Amino acid sequence: MSESSAEAVTDAASAAVAVVSATGAAGGWRRATGIAGAAIGVIAAGAAAGVAIERMTVGRGMRAKARLALDSAGPYGGLRGTPGKAIADDGTELYYEVDDVEPQGGPAGRRRRLFGRKAPLPVTVVFSHGYCLTQDSWHFQRAALRGVVRTVHWDQRSHGRSARGAAQLRDDVPLTIDQLGRDLKAVIDAAVPEGPIVLVGHSMGGMTVMALAAQYPEFLRERVVATAFVGTSSGRLGEVNFGLPVAGVNAVRWVLPGVLKALGQQAALVEKGRRATADLFAGIIKRYSFASKDVDPAVARFAERMIEGTPIDVVAEFYPAFTDHDKTEALGLFAGMPVLVLAGIGDLVTPSEHSEAIADLLPEAELVLVPDAGHLVMLEHPEVVTDRLADLLTRAGAVPAGATVGGYGSTSGTAQPG
């Protein structure tokens, strides 16, 4: 390890300790946060090396100005639809938006009927986002499908514009993936009370789709005509190594759940520390979101803002649910319908091997592994994701074979926002 890299690792660990130690008062808590800082430092080491080099050449004020410029330049996340609210079974308000397709002939056009029968109900595509993200993570796909097919985008509980989980706040009930499946059902009941549905889920959103299927198998058979699983897993997430050496993985698995819970209980102070170490965490976010080197800086900043916008207590609240997640048996319910399974080969969060395992249990599914792509593959290589989604929708009869799906843009360093 070079001297600069060693300093970067030390800097990473020190910054992590600074974030957590600012919240503790008791000696035992300080000792715990010291261990936590070491574990988080292992995760941060690779990203911190890049941050350290950047600090040698770019001042903090300049970096702050660059972030503001990227925030104002990129239109990512600016698409809006008709808003609505669904109520979960515990009373949580779930925010969603609908992008409708105008009937043929325009808003005032006459609806045609064949032999006195009503035209078939349109297919609706329901998008579910991942952990620490929002519905805006589907920006490129949403832009591409506007005017082509009816879509619904929603924010998972405690994320984006949805309310904090009522059961978690009121009764301290642990968050489960099954709860998210019921939340998705509530959104569908409100936004898509009838007609065929295509379900699309990324990461935690894909797990949400599996939980919906496990709890409402008849609904799946009767209403769902196709499904896409993007960068997700049906279980065994506790075995993921996050690209770390064995020692680092063991430290993180041992310490992280308890540390996150403790940090969540001191959210206000932790958020201050989080802002103070924004450069460090930006590097971590980029490492675990993307695999290619030429991602549009505005897109990288857009992803960073979504993740930064997730409060630390929400991060802590959701994390334990992933270890318990196992919906392998539910995958059989998707047999017989068009299924797309897509992942980035460089995904360190839900490795592509997990997508291959899903495809092994659904041999008729289309498996797409995207080179030079990480966890946020729909932002990193939107043209690939949108192309395969368009094909899935065509196979499901959601859009005519001749329909044009475009406007998804590119995230290369030289491209203009789409």
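See the structure above.
Residues numbered from 1 in each chain as written. Predicted model: local features only at pLDDT ≥ 70, side-chain atom pairs only at ≥ 80, totals over all residues. Heavy atoms only, no water.

## What about the overall build of the protein?
Per the secondary structure count, the protein includes 16 helices and eight strands. A fraction of 81% describes how many contacts in the protein between residues 6 or more apart in sequence connect residues 24 or more apart. For the protein, the accessible surface area stands at approximately 18700 Å², while carbon and sulfur atoms represent 56% of it. (Helix = DSSP H or I, 4+ residues; strand = E, 2+ residues; numbered from the N terminus. Contact = heavy atoms within 4.5 Å. Areas by Shrake-Rupley, 256 points an atom, 1.4 Å probe, with all protein chains shown as cover.)

## Brief notes about the packing of aromatic side chains
The tally for this structure, following the rule as stated, stands at five aromatic pairs. Arranged with centres 5.4 Å apart and planes meeting at 50°, the rings of Tyr-76 and Phe-140 form a pair that is tilted. Of this pair, Tyr-76 sits in the loop between helix H3 (60-73) and strand S1 (82-87) while Phe-140 sits in helix H4 (residues 139-145), and the two are 64 residues apart along the sequence. A centroid spacing of 6.0 Å and a plane angle of 35° characterise the contact between Tyr-76 and Phe-302, whose relative ring orientation is tilted. A residue pair is termed long-range when its members are at least 10 positions apart, and Tyr-76 in the loop between H3 and S1 and Phe-302 in helix H12 (residues 297-308) qualify at 226 residues. On the basis of relative accessibility, which here comes to 4%, the residue Tyr-76 falls in the buried class. Judged by relative accessible area, which is 3%, Phe-302 ranks as buried. By way of ring pairs, the aromatic residues Tyr-76, Phe-140 and Phe-302 are connected into one cluster. The ring of Tyr-288 has Arg-287 lying over it, and the distance from NZ or CZ to the ring centre is 5.4 Å. (Phe/Tyr/Trp six-rings, centres within 6.5 Å; stacked < 30°, edge-to-face > 60°. Buried < 20%, exposed > 50% of the residue type's maximum accessible area, 1.4 Å probe, protein only. Lys NZ or Arg CZ within 6 Å of the ring centre and 35° of its normal.)

## A closer look at the pattern of salt bridges
A side chain with one charge may pair with a side chain of the opposite charge, provided their charged atoms come close. On inspection of all chains with the given rule, the structure shows 23 salt bridges. With a closest N to O distance of 2.9 Å, Arg-80 and Asp-136 form a salt bridge. Taken as a pair, Arg-80 in the loop between H3 and S1 and Asp-136 in the loop between strand S3 (124-128) and H4 lie far apart in primary sequence, 56 residues in all. Put simply, Asp-178 and Lys-327 hold a salt bridge, and the shortest N to O gap is 3.0 Å. A residue pair is termed long-range when its members are at least 10 positions apart, and Asp-178 in helix H6 (residues 177-191) and Lys-327 in the loop between helix H13 (312-324) and strand S7 (339-344) qualify at 149 residues. When salt bridges that share partners are traced, they join Arg-80, Glu-97, Asp-99, Asp-136, Arg-142 and Arg-146 into one network. (Salt bridge = Lys/Arg side-chain N within 4 Å of Asp/Glu carboxyl O.)

## Some thoughts on helix H7 (residues 204-215)
Here H7 is 12 residues long and its end C-alpha atoms lie 17 Å apart, about the 16 Å a rise of 1.5 Å per residue gives. With 10 of 12 residues buried, H7 lies mostly within the body of the structure. When H7 is considered as a whole, its buried residues turn out to be Met-204, Gly-205, Gly-206, Met-207, Thr-208, Val-209, Met-210, Ala-211, Leu-212 and Ala-213. (Expected span 1.5 Å × (residues − 1).)

## Section: the environment of Gly-397
Mapped onto the fold, Gly-397 is located in the segment after helix H16 (382-395). A residue is classified by how much of its surface remains accessible, and Gly-397, at 54% relative accessible area, is exposed. As for Gly-397 and Pro-196, which are separated by 201 residues in sequence, their C-alpha atoms are 9.9 Å apart.

## A word on the sheet that holds strand S6 (residues 224-230)
One open sheet accounts for eight strands, arranged S1-S2-S4-S3-S5-S6-S7-S8; its pairing is mixed. Among the strands making up the open sheet, the edge pair consists of S1 and strand S8 (366-370). Ignoring strand direction, the axes of neighbouring strands in this sheet form an average angle of 20°. Sheet analysis places strand S2 (residues 93-99) next to strand S4 (residues 150-154), joined by four bridges and oriented antiparallel. Looking across to S4, one finds that Glu-97 is bridged to His-153. Sheet strands touched by H7: S3, S4, strand S5 (197-202) and S6. Its angle to S5, the strand with the most contacts, is close to 135°. (Pairing = 2+ DSSP bridges. Axes fitted to C-alpha atoms, helices over the stretch in contact; angles between N-to-C directions.)

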